[in-house]
Every structure is written in C-alpha cells, then in structure tokens.
Amino acid sequence: MARKKKMSTGKKVGITALAAVIVIGGVAGYATLGKKSTTSNVLNEYLPVDMTTQDLSQMTDSYAFEVAANVQQGLLSRTSSGAPKAGLAKSWSHSKDGLTWTFHLRKGLKWSNGDPLTASDFVYAWQRTVNPKTASQYAYIYSGIKNADAINSGKNKDLSSLGIKAKNKTTLVVTLEHPMPQFQNLMAFPVFFAQDKKFESSLGSKVGTSSSKQVYSGPYKFVGWNGSNKKFKLVPNKNYWDAKAVKNKGVNFQVVTDTTAALALYNKGELDQVTLSTPQQIKKYKNSKNFKIYNQSQTDYLEYNQTGKVKGLTNAKIREALNLATDRKTIANSVSEGLDSAATGITPAGLAKTATGGDFAKAAAKATAYAYNIKKAKKLFAEGMKEVGLKKLTLTIEGSSDSTVTKSTLDTLQQSWSELPGLTVKEKLVPFKQRLLDQENHNFDVVLAAWSADYSEPLTFLNMFVTGGSNNDGSWSNKEYDALIKSASDKNALSDTKRTADEIKAEKVLYQNAGVNPVFWVNAATLSNSKVKGVQYFSSGAPYYFWNAYRSKK
C-alpha cells in the first residue's frame, strides 16, 4: 500500500515466492467501521487516515490501493494463495525467452459508466503513468518494460514506443527489455490497471480527486467521497464482468483516526474487526479467541535528507552515528508489546526466500550489523562533525500524527540521539498526507517513513534507494548500489542464486554507507468478528479483496 506504499505509521516474498495470503474470518488490517450493519450482508471497514486519491497513476499509499484493488481490476487477479489468475484477461501466454507477453481480454468488458473497456485502455493507462508530465511516483515500477525508463526520464519522447500494443480490442502484447519474473504479480497491482481515456480526458489533474471523478472496472464502484469527507462506500458494480460472484451488498468505509474510538465501536458490535494499535490494547486482548496476528511485510525506517539542505546529513559518519544511536529493540517492544521486530535490514522477514529456501532477511542479516552502540556512535558523530566543520547540529525528526506509534518512536529516538555531543533533536508531528508531501518535496531533516511490499521480492524495497529513484526521498546515491540493483533486475533476474547474492550485497552497501536507517518490521494485531467470512488478506500488493466475503449467521 505504503505510500511506498507509504504507510501512516512509518510501518508494510523473492521473485520465486508469491505473496502470503490469508483468508480470514474478518476484515484484516485497518479495521472496520460505518453504519451499524452487523446483521446485514454489508461489511464495515475503516481507514486510519484520510483517503488521498483514486487516480491510478498518482496513488502511493496502502489505503488508496486498498480501495482501488476492489473497485478496479487488472489484466490478472490473485487466488487465495496469492498465485496469479485470470482477471480482465481470460488467458495469457509468453514467449520462450520471457520477453513477449500476450493477453486476451474477455469480450464485452465495460466500465461502470457503460463505456466499452478495451485493450487500448491499458495502453493509455501505461503511457500516462510513465509519461514524465504525469509525475507518477510509481512510474519506476515499470522499469523492465520496453522503453519505460527512457520515456520516464525524458530521453525518449515517443510514448507510443512503450512496450505495450493493442493488436485489437481484446488483444494486448507487452514487450520487456529483460525477463521480469515478478511480471505476472505486477499485473494484479493497481498501478498497471486500465484507465478510461474517454472519461479522463476532460478532467486533467482532477482525475480521482473524488469518487465521481473516476470510473471503475472491478467488482465495486466507489461512491460518496468528495475528496475530503470521512464516510464513503463500495457498492456492487453491475457492469463488472463477474458481478454475480460478489457475495455481499458492499463495504462501508469511514475514516477513524482515534484507535480508542475504533476499539470501543468493535466492542459495541459496530465493527467487524479492529486493529490493536497500542501496547496496552495488545496486552489486554492478546489472549482473546478473536485475536489474530498478520505479517504485514512492512518496514518502518528513517530517511536522512542528503540533498545538501542539511549539511551534517551528507556526512556518512554522522548518519552512521545516528544509526548506531537508534535503539531498535526498545522501539519495537514499546510500539507493539513485542509483536514487531527490530529490523536487521530494509527487507523484512517473511517476505522473500533465498535460492536455497531460507528467509532472505535472515541471510542478509549476516552481511549487515545494525546495532545499538552509543559509545561508538558518540565517537563517529564527533569525527563527522569535525569533517563538516560543525560544532552544533539541530535535527528535526518528522512523523505522522495520525499514528499511535509515532510519538513513542520519536521520543525514544530523541532521548538516545540527544546523547550525541552537540546534537539537538526536535520532533515534528504532522498529518499523514502532509508527511507524504514533505517527503516528496525533500522538506524534512529526518523522516520516519514506511514501505509495504508491492510484490513478493526484496527488490520491492531495494529499488527505492537507487540514484534518482522517485521514492528515494533522502536522495542517497551510491554507484555500487545502483550497479547491484541493475544486475539483480536485469542480468541476474532469472538466476535465483545470483539475484539473491546481488540483493544481499545491496543490503550490505546500504548498511555500510548508512543510506537509510531501518528501525522495525511490522506485524498487525487484530480482533475480528468470526461471523464475517472470506475476506482475503495479502501481505504484499493491495492488501484486501472483499468481494468474496459475506456475513454468516453463525
């Protein structure tokens, strides 16, 4: 989801492994809320932050993706086990070398407003997303599709040269520059979904800024969102090709930022599920029969502004000192009653497997040594300050005010970092949407950010920090790192052993240069209503599918 899919908390498996999926007896993750409809076949869901957009080319956060994955559909969808399955495309195939993919769309597809949905809608959507004028932060994920990088960088002005062609109304041909083993998984990710050019052409930058300024290709339509209000719905889309398969009457959404209020509503029977967001809540309910824990494939991390706006942060020793002064275990324990884990790398545990079947994060941890060592941190900080000619430095750590864990995390950081000689640490809490904007504009000193996996491979995290990457908000740059990511994405893409080796080396370079500061890996603790059946939870990509869910009487 976050954004990045960036997440409000600053909290989100290899190419050879598919996304972990759990079919759960309630709505997972961010809880449920809305009208009191515990006896009707309507689901109730909430978001912990305001909805940002439903522009498929502009969305960057998990919550927008959550809605988009249910109101839109891609060429492919996902089974309950996470495997690719037919979506708007009824069948697909690829050449022996893996470079040419052909998709055959179902006949008679329609948008929710009745417009025909054809292969050209995918061509338009992909071209719009990679077009540098669109300024999509997710355009980077198209890397590997023929000419996508050249077009997005502005080197190639010909949008029609992008490796996607509509042979006719129901046939699409996609050409890759190199094999992409994650390609099928990406076809179920909202950034690759079709867009209705006929509908969008008159809207310009207003596309997706309210529910009425978008049309929908999926099981539901999005209604009732004016761009800033707190209540909205998903309602069944009668023009969806498989409308009869939707097992409920819709999903009510409401923005609820107060976790205490959300828990109270769950206890009153007005929520189908609630996320437990504080250590106190987790401690109280962890022995409940409705208590569940889900791996979110998400890392909370700190980014340092290395654009030159903050002189001290361009120095590797100062950044390394800050990493060493970060007490990850204390932070992880304080925010989740021990359910979260201190990070040993940017790629979280449980996301990816190595070529030999082991957990990637565990293998990468042998190449990194993220640890709390205040003595060494003081020494390096003093050396770094001398190198940049500073005697005093003030740093402000920014985080999301919407999150219940941000304040305690920043408090712990402020306490330990303030032990470094000459350093003054301030805290800045802003709404999630503002934090995203500040990140994108490099308007921060240090920011507590988060990423949740888009697909089940370490590159979904590692790709963020290449030079000039759209999600490299700290503007860290390292030639060796860039070369390793290019090798893993291209030359060694189809070799599990070689690709994993590149990725582990990349984690090591990131660590050695203190490019970023991984803090903790996130799990979600929830209470769920056992009468709600069939919601599918995915730990990577868009988090939920709701259309197979229903409310039972037992």
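Cut-offs applied
- Residues numbered from 1 in each chain as written.
- Predicted model: local features only at pLDDT ≥ 70, side-chain atom pairs only at ≥ 80, totals over all residues.
- Heavy atoms only, no water.
- Buried < 20%, exposed > 50% of the residue type's maximum accessible area, 1.4 Å probe, protein only.
- Helix = DSSP H or I, 4+ residues; strand = E, 2+ residues; numbered from the N terminus.
- Pairing = 2+ DSSP bridges.
- Right-handed = clockwise from strand over helix to strand, strands pointing away.
- Salt bridge = Lys/Arg side-chain N within 4 Å of Asp/Glu carboxyl O.
- 1 Å grid on protein atoms, 1.4 Å probe; cavity = no way out; pocket = protein on both sides within 12 Å on 5 of 7 lines; lining within 4 Å.
- Points joined across faces, edges and corners; volume = space filled by probe spheres on them.
- Nonpolar A, V, L, I, M, F, W, Y, C, P; charged D, E, K, R; others polar.
- Domains from an automatic or database assignment.
- Polar contact = N/O pair within 3.5 Å; in protein donor to acceptor, adjacent residues only side chain to side chain.
- Contact = heavy atoms within 4.5 Å.
- Axes fitted to C-alpha atoms, helices over the stretch in contact; angles between N-to-C directions.
- UniProt positions renumbered as here; feature names shortened; annotations may be inferred.
- Buried area = accessible area lost by both parts, 1.4 Å probe.

Peer 1: Break down the pairing of strand E15 (residues 393-400) for me, citing the residues and quoting the values.
Peer 2: Of all eight residues making up E15, seven are buried, and the element is well covered by its neighbours. Pairing of E15 with strand E16 (residues 423-430), which is carried by eight bridges, proceeds in the parallel orientation. What sits directly across from threonine 396, in E16, is lysine 426. Handedness of the crossover joining E15 and E16 through helix H12 (residues 406-417) is recorded here as right-handed. Across two bridges, the pairing between E15 and strand E17 (residues 446-452) is parallel.

Peer 1: Go over the pattern of salt bridges with me, naming the residues and quoting the values.
Peer 2: All chains considered together, the criterion is met by 15 salt bridges. Aspartate 272 is the salt-bridge partner of arginine 551, the closest N and O atoms lying 2.8 Å from each other. Of this pair, arginine 551 sits in strand E22 (residues 550-551) while aspartate 272 sits in the loop between helix H6 (259-267) and strand E12 (273-275); the two residues are 279 residues apart in sequence, bridging distant segments of the chain. Residue arginine 551 is classed as buried on the basis of its relative accessible area of 10%.

Peer 1: I'd like a description of the layout of surface pockets, backed by residues and values.
Peer 2: In this structure, the second largest pocket occupies an estimated 270 Å³ of space. In terms of lining residues, the second largest pocket is bounded by Thr52, Thr53, Gln58, Thr60, Asp61, Ala135, Gln137, Lys433, Leu436, Leu437 and Glu440. The residue makeup of the lining of the second largest pocket, split by class, is three nonpolar, five polar and three charged. Residues from two domains meet in the lining of the second largest pocket; each of domain 1 (44-255 + 529-551) and domain 2 (295-524) gives at least three.

Peer 1: Break down the side chain of glutamine 72 for me, citing the residues and quoting the values.
Peer 2: Position of glutamine 72 relative to the elements: it lies in the loop between helix H1 (62-71) and strand E3 (76-78). Looking at glutamine 72, the relative accessible area reads 1%, which means it is buried. A distance of 2.9 Å separates a polar side-chain atom of glutamine 72 from the backbone oxygen of valine 215. Those residues within four positions of glutamine 72 in sequence are excluded, and the remaining contacts are Leu56, Trp111, Phe193, Gln214, Val215, Tyr216, Ser217, Gly218 and Pro219.

Peer 1: Break down the sheet that holds strand E9 (residues 220-223) for me, with residues and values.
Peer 2: In spatial order, the strands read E2-E11-E10-E9; together these four strands make up an open sheet with mixed pairing. Both edges of this open sheet fall to strand E2 (43-47) and E9, since each of them pairs with a single strand only. Between one strand axis and the next, the sheet turns through 20° on average, direction left out of account. The pairing of strand E10 (residues 231-236) with strand E11 (residues 251-255) spans four bridges and is classified as antiparallel. What sits directly across from lysine 231, in E11, is glutamine 254.

Peer 1: So what's going on with the UniProt feature "domain: Solute-binding protein family" (unreviewed entry) in the chain? Which residues, and what values?
Peer 2: This chain's UniProt record puts "domain: Solute-binding protein family" (unreviewed entry) on residues 84-472. Helix makes up 27% of residues 84-472 and strand 21%. Its end C-alpha atoms lie 29 Å apart.

Peer 1: Outline the domain arrangement of the chain, supporting the account with residue identities and numerical values.
Peer 2: Partitioning the chain into domains gives domain 1 (44-255 + 529-551) and domain 2 (295-524). Opposite the 24 residues of domain 1 that make contact, domain 2 presents 21 residues. Carbon and sulfur atoms supply 54% of the area that domain 1 and domain 2 bury against each other, a total of about 2,000 Å² over both sides. Between domain 1 and domain 2 we count zero salt bridges in total. Those elements that place two or more of their residues in the side of domain 1 that touches domain 2 are H1 and helix H4 (183-186). Class assignment of the residues belonging to the side of domain 1 that touches domain 2 gives a composition of 12 nonpolar, 10 polar and two charged.

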